[in-house]
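The chain contents come next:
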Amino acid sequence: MPNAKELTLPLSKDVLASLRSGDEVTLTGRLYTMRDAGHARCLEYLEAHGELPFGLQGQTLFYAGPTPATPTRPFGAIGPTTASRMDFATPALMDAGIVATIGKGKRSAAVAEACVRNGGVYLAAVGGVAALLAERVLASETVAWDDLGTEALRRIRVEDFPVYVDIDTRGKRLYE
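Cut-off values and rules
- Residues numbered from 1 in each chain as written.
- Predicted model: local features only at pLDDT ≥ 70, side-chain atom pairs only at ≥ 80, totals over all residues.
- Heavy atoms only, no water.
- Phe/Tyr/Trp six-rings, centres within 6.5 Å; stacked < 30°, edge-to-face > 60°.
- Helix = DSSP H or I, 4+ residues; strand = E, 2+ residues; numbered from the N terminus.
- Buried < 20%, exposed > 50% of the residue type's maximum accessible area, 1.4 Å probe, protein only.
- Salt bridge = Lys/Arg side-chain N within 4 Å of Asp/Glu carboxyl O.
- Pairing = 2+ DSSP bridges.
- Core = buried A, V, L, I, M, F, W, Y, C linked by side-chain atoms within 4.5 Å.
- Contact = heavy atoms within 4.5 Å.

Draft legend 1. Region of the structure containing the packing of aromatic side chains. Within the structure shown, the criterion is met by 3 aromatic pairs. A ring pair is formed by Phe54 and Trp145, whose centres lie 5.5 Å apart and whose planes are at 85 degrees; its orientation type is edge-to-face. Taken together, the residues span a long stretch of sequence, with Phe54 in the loop between α2 (36-49) and β3 (60-62) and Trp145 in the loop between β6 (137-144) and β7 (153-167) at a distance of 91 residues. Since its relative accessible area comes to 15%, Trp145 is described here as buried. Pairwise contacts between aromatic rings join Tyr45, Phe54 and Trp145 into one cluster.

Below, the structure is given as structure tokens:
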């Protein structure tokens, strides 16, 4: 992505506010991966304790279910999951402090409203390039819910990870 904005994770409120729907972005730093079952557990924790678990405040969630490691990489493949599957949890998680999410496809109006309300963004990753995206992952560790397998909460370190801004902090949407 030769014209991409190069961003370092975690993303600050100033950086988030500077992004516009349609921007090409590369991310370097720490992301967390989690899918449907992990979101349900995260919501349960949030409801029981009134805060996000495991240092997720101010972080970015990547909706992905990675494949096992290869001899040279933390994952064989790691592609984006259809983001709308997490719409049941995203507004509450953003209200609690998640600043950005990454997936593929459109999001609900409730997620767009949560982005505006919280100064957050939804970033779209390209589907079908999971092996290429895995080359951008430098490290991975399971943080919680290992029993969920590919849906466990993982902290990964990425470099030059390519995404597009779909929903910006003003509620503008690339897919629309």
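Draft legend 2. Region of the structure containing unusual backbone geometry. Across the junction of Leu9 and Pro10, the peptide omega takes the value -5 degrees, indicating a cis bond. On the secondary structure map, Pro10 appears in the loop between β1 (5-8) and α1 (13-18). The backbone of Trp145 shows a phi angle near 60 degrees, a positive value even though the residue is not glycine.

Draft legend 3. Expanded view of the pattern of salt bridges. Applying the stated rule across the entire model yields 8 salt bridges. Here Lys5 ties to Asp23 by a salt bridge, and the two come within 3.0 Å at their closest N and O atoms. In this pair, Lys5 is assigned in strand β1 and Asp23 in the loop between α1 and β2 (24-33), connecting sequence segments 18 residues apart. Taking the relative accessible area as the measure of exposure, Asp23 reaches 17% and is therefore buried. For Arg35, the salt bridge is made with Glu151, and the minimal N-O distance between the two is 3.3 Å. Pair noted here: Arg35 is in the loop between β2 and α2 and Glu151 is in the loop between β6 and β7, with a separation of 116 residues, a long-range link. Owing to a relative accessible area of 15%, Glu151 belongs among the buried residues under this scheme.

Draft legend 4. How the structure looks around the pairing of β7. In terms of strand pairing, β2 meets β7 through 9 bridges, oriented antiparallel. Note that in β7 the partner of Val25 across the bridge is Val163. Across 3 bridges, strand β5 (residues 121-124) lies against β7 in antiparallel orientation. Opposite Leu123, over in β7, you have Val165 as the bridge partner.

Draft legend 5. Structural context of the environment of Val158. Locating Val158 in the fold gives a position in strand β7. Val158 sits in the buried class, given a relative accessible area of 1%. Residues Val158 and Arg136, 22 residues apart in the sequence, show an inter-C-alpha distance of 5.5 Å.

Draft legend 6. Geometry of the nonpolar core. Ranked by size, the top nonpolar core spans 27 residues in total, and within it Leu56, Leu61 and Leu93 carry the most contacts. Only α2, α3 (90-96), α4 (109-118), β5 and β7 provide two or more residues apiece to this core. Leaving out residues up to four positions away in the same chain, Leu56 has contacts with Tyr32, Cys42, Leu61, Gly97, Ile98 and Leu153. Counting residues in each nonpolar core, the second largest holds 26 residues, with Leu9, Phe75, Val99 and Val158 among its members.

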